[in-house]
Every structure is written in C-alpha cells, then in structure tokens.
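# A look at the structure
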Amino acid sequence: MQKDLTTGSVFKNVLYFSLPYLLSYFLQTLYGMADLFIIGQFEGTASITAVSIGSQLMHMITVMLVGLAMGVTVGIGRAVGAHDERGAGAVIGNAVTLFLAVSVVLAAVLTALVQPILSIISTPAEAVPGAAAYLTICFIGIPCITAYNIIASIFRGLGDSRSPMYFIAVACAANIALDYLFMGALHLGPAGAALGTTLAQGISVAVSLVVILRRKSGVRLRKSDLLPKKPVTGRILRIGVPVALQDGLIQISFLLITVIANRRGLTDAAAVGIVEKIISFIFLVPSSMLSTVSALGAQNVGAGKHDRAARTLYYAIGISLTFGAIVGVLVQFIAPNAVALFTTDAAVAAAGGWYLRGYIWDCFFAGIHFSFSGYFCAYGRSELSFLHNILAIVLVRVPGAYFMSKLFPHTLLPMGLATAAGSLLSVLICLIAYTLLKRKGTFGGRTA
C-alpha cells in the first residue's frame, strides 16, 4: 500500500499517481451526473433543478472536506518521504479523531438548516420540496462521505492512489443501480437520488475498511495515536483549513452564480445546473493534478529533494494546459448536444450550450493554478492557494458574472466567460508568488 515516490522518473510518477486518482475522481463525479441523468429520464424540470441544486451544495461540502484532508495527505507524505513511520501513524490517528468529530457536528447543524439554506440561494419555488428532501437525506449521510474521503487521503499520502479508485468504483456501480431502483422503479424522485448516493457511500466505506484490516501498510497505528495531539492536529489544520476555505469559497462563488441564474427563471437555472455537472466532469484532469502535485511534492519535500518537487509541478502544468486546450476547442462544437444529454427541453439545451462555451475556458486556466496550489500545499504554504482564489472570486468571478447577467439578459455566454477570467487572475497571482518565494529560497533550502 505504501509507495516511495521520491525515486525514479518524475514524469512516470506523475502518471502513476494521477491516472488512478483521475479515474477515482471520474467515478465520484459520475455520482452526481448519474443522479441528474437518471432523474431526467423519469421526472420533469423541477426535479432536475432540485437535484442539480442539492448536488451542487453537497459537492461544495465534499470538496471542503477533501480540502481539509489535504493536511492529512501532506503530513503523511512528508513523514513517508522522511521514513518516519511513527510520525505517519500519529497523523493518521489524529486525522481519524478529528474528522469523526467534524462530520458529526456538520451533519447535525446542516440538517437543521435545510430550509434556510434553500431560501438563501433563491431556489425556485417548484424545486424547493425536492431539494429539501434531497439535502436532508444527504446531510444525514455526511459521516459516510467524510469517512470515505479521509480514508482516501490516507492512502494517497502513503503514495497509493489505486486503492481509493477501487473503493469508489464499487460505490459508483451501487449508486447507479440504486438510482434506477429508487427513482425508476419506486418513483421517489430527488429523495431517491439522495438515498442512492448516501447508501453507495456507506458501501464504499465498508469495502475500504475491510481492505485496510487485511492489508499491511507499513505504518503501525497505536491506540495513543488516536488521542488528539496539538502539534499533529495543528499541522493538519494549518495546511487543511486554508485549502478547505479556498474550496468552500470557490463553491460559494458558483452558488452565487447559481443564484444569479435562478433569478433569470427556471430555464436558465436548469441550464446552469446541468453545465455545472458537465464542468465538474471536465475538471477531473486539473483537479487530479492538484492532488498529484501535493502528494508527490510532499514526499519529495520530506526527502529534501526540492528539484523533483519542482519538476512535478512543471509536468502537471504541461498536462493540464494540453488537456485544457483540446477540450476548450472541442466544446465549441458540441456544447448544446452535451447539455441535451441531460434534458429533453430544447430551450434548456440551447441556453446551457452558450454557458458551457464560455465556461470551458476556466478549465484551461484552472489547470495551472490548481497545480501551483498543490505545490504550495506540499511546502505547507496553503495560505497562498487561499489568497489567489479569494482575490479571483471577489474581484472577478462573482462581480463579473453579475454584471454580465445584467448586460446580457438573453444569453449565458458572458457569464461563463466571467468564471474563466477569475481563473486567469489566479494564474497571474500564482506566478508572481512562485517567482518571489523561489528567489527567497522558500522552495529550496528550507521548508515551511
């Protein structure tokens, strides 16, 4: 289960780690897309909107948990790179205790706030009942979602990105089968989508726990490791909290854009919801680069091999740019047809097509700043990731979407371009931060 990523070809290590992660993220993203696709076959626009809004909220919570778990991946990765098994065990034990507490509190608070949340994001009246049922069930299941993601972060910190892929593959197959059962055969609508997702996550956790008990990781977990230790928990939070806040703010910005779209009517609301799902699928490659650079970079930083950490960053950027350029051009020709896969409403497909044509360029720029974010995290400087994202959101992404919505009320294309402009600002900030800190020796002779 444990793999040393501090030796051998850097490029091969990037591919070795990123491809299983990419497939894992693909399968996890397929969850929401499957929910939306299947409910579109059995329900109308109101139910589609309910699931798209509800799943977007759940995606926000999930990515924040994944961001918080970045501190676990980096902590374990550094310990593995330094051949410190006791340190790795301490990080794993403290992570289990910390995330168990976080998930229980989060589930209780969010379940009590379902209706206020739907009101705040201006959910269309027709979609409120379905969205409320969807969120209530999913919020109750947050401990399962948290358990899967913390287990995945532990495996990735150990250099193993394949095991999480197998766990999520089982869950994805279960989710699709349960969706057809609950939404198709039993006609439970959005509530059925939520039941399928939550139960599938539970299955994934059960499978992963069985594997953990049967395998030897090379790291021994002691009972004392489960007791909270301020230095260990502090390091996890120091890296994880800025990333979680960053990811949360990004998702909030997308929710604000959803609010803007919701106020334009049900057609634009459904179009934006569908495109968000498509984009989350396309963003698999940039997102996989973030986790790849953070995990590989952390091991190499722990081993004192800063040149390898830098080469990992450069390869990730190259892969992201190539992918972003190809997809950006391709989408210009197939955008309306891609949206039409999720709806039979021609107006929704047309509106979504224009939104997707603009939004897709966000993938091109995001691949660069995602790679930089992973690199910053590997050095314990996750606050830089938070900084560039919050500036992009506040200065460009949200105000840009708002003003484009007002200036162009008959098309969603300019709103999509506003998101890409936000990522362009993030890229510029990352380049400046990297250049300045490189000159100061932060990414060389010493680590944060």
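Here goes a summary of the coordinates provided. (Residues numbered from 1 in each chain as written. Predicted model: local features only at pLDDT ≥ 70, side-chain atom pairs only at ≥ 80, totals over all residues. Heavy atoms only, no water.)

Turning next to the pattern of salt bridges. Under the counting rule described, the total for this entry stands at three salt bridges. The partner of Arg-311 in a salt bridge is Asp-307, with the nearest N and O atoms 3.5 Å apart. Note that Arg-311 and Asp-307 are positioned in helix H12 (residues 306-340) at a spacing of four residues, about one turn of the helix. Residue classification places Arg-311 among the partly exposed residues on the basis of a relative accessible area of 33%. Here Asp-362 and Arg-397 are joined by a salt bridge, their closest N and O atoms 4.0 Å apart. One end of the pair, Asp-362, is in helix H14 (residues 361-378); the other, Arg-397, is in helix H15 (residues 382-407), with 35 residues separating them in the sequence. Assigned by exposure class, Asp-362 and Arg-397 land together as buried. (Salt bridge = Lys/Arg side-chain N within 4 Å of Asp/Glu carboxyl O. Helix = DSSP H or I, 4+ residues; strand = E, 2+ residues; numbered from the N terminus. Buried < 20%, exposed > 50% of the residue type's maximum accessible area, 1.4 Å probe, protein only.)

Before going further, it helps to examine the packing of aromatic side chains. Aromatic ring pairs are described here by two measures, namely the spacing of the ring centres and the angle between the planes. Inspection of every chain in the model, using the stated rule, returns nine aromatic pairs. A centroid spacing of 5.2 Å and a plane angle of 55° characterise the contact between Tyr-375 and Tyr-379, whose relative ring orientation is tilted. The exposure class assigned to Tyr-379 is buried, which follows from its relative accessible area of 0%. Aromatic side chains Tyr-402 and Phe-403 sit 5.4 Å apart centroid to centroid with 75° between the ring planes, which places their arrangement in the edge-to-face category. Seen from the ring of Trp-354, Arg-357 lies directly overhead, with NZ or CZ sitting 4.7 Å from the centre. (Phe/Tyr/Trp six-rings, centres within 6.5 Å; stacked < 30°, edge-to-face > 60°. Lys NZ or Arg CZ within 6 Å of the ring centre and 35° of its normal.)

Counting 43 residues, the largest nonpolar core has Ile-278, Tyr-355 and Leu-356 as the members making the most contacts within it. Sort the elements by how many residues they give to this core and helix H10 (residues 266-282) lands first, with eight residues. With near-sequence residues (within four places) excluded, Ile-278 lies in contact with Ala-338, Val-339, Phe-342 and Leu-356. Listed in part, the 30 residues of the second largest apolar core include Ile-38, Ile-117, Leu-135 and Ile-142. (Core = buried A, V, L, I, M, F, W, Y, C linked by side-chain atoms within 4.5 Å. Contact = heavy atoms within 4.5 Å.)

This next bit is on the layout of surface pockets. Computed from the structure, the second largest pocket encloses a volume of approximately 370 Å³. Considering the residues around the second largest pocket, the lining is formed by 19 residues, among which Met-60, Ile-61, Met-64, Leu-106 and Leu-110 are closest to the centre. Tallying contributions element by element places helix H2 (residues 45-81) first for the lining of the second largest pocket, with six residues. For the lining of the second largest pocket, the per-class residue count stands at 19 nonpolar, no polar and no charged. (1 Å grid on protein atoms, 1.4 Å probe; cavity = no way out; pocket = protein on both sides within 12 Å on 5 of 7 lines; lining within 4 Å. Points joined across faces, edges and corners; volume = space filled by probe spheres on them. Nonpolar A, V, L, I, M, F, W, Y, C, P; charged D, E, K, R; others polar.)

What follows deals with the packing of helix H13 (residues 346-359) against H14. Running from N to C, H13 and H14 cross one another at 30°; their axes reach a closest spacing of 5 Å. As far as their axial angle goes, H14 and H13 are roughly parallel. The residues of H14 that touch H13, namely those facing Arg-357, Gly-358 and Tyr-359, are Trp-361, Asp-362 and Cys-363. (Axes fitted to C-alpha atoms, helices over the stretch in contact; angles between N-to-C directions. Parallel < 35°, antiparallel > 145°, perpendicular 65-115°, else oblique.)

This part is about empty space enclosed by the protein. One pass over the structure, following the stated rule, counts two cavities of 30 Å³ or more. Size it by volume and the largest cavity reaches roughly 940 Å³. If you go around the largest cavity, you meet 47 residues; those closest to its centre are Tyr-25, His-59, Val-63, Gln-251 and Ser-280. Residues belonging to the lining of the largest cavity are distributed by class as follows: 19 nonpolar, 21 polar and seven charged. By volume, the second largest cavity amounts to about 110 Å³. Taken together, Tyr-21, Val-66, Ala-69, Met-70, Thr-73, Asn-149, Ser-153, Arg-156, Ser-291 and Ser-294 make up the lining of the second largest cavity. Secondary structure elements with two or more residues in the lining of the second largest cavity: H2, helix H6 (142-157) and helix H11 (284-302).

Taken N-terminus to C-terminus, the directions of H10 and H11 make an angle of 50°; their axes are 5 Å apart at the nearest point. When the axis of H10 is compared with that of H11, the two are oblique. Here Ser-280, Phe-281 and Ile-282 of H10 lie close against H11, whose contacting residues are Leu-284, Val-285 and Pro-286. Residue classes in the contact of H10 with H11 are distributed as five nonpolar, one polar and no charged.

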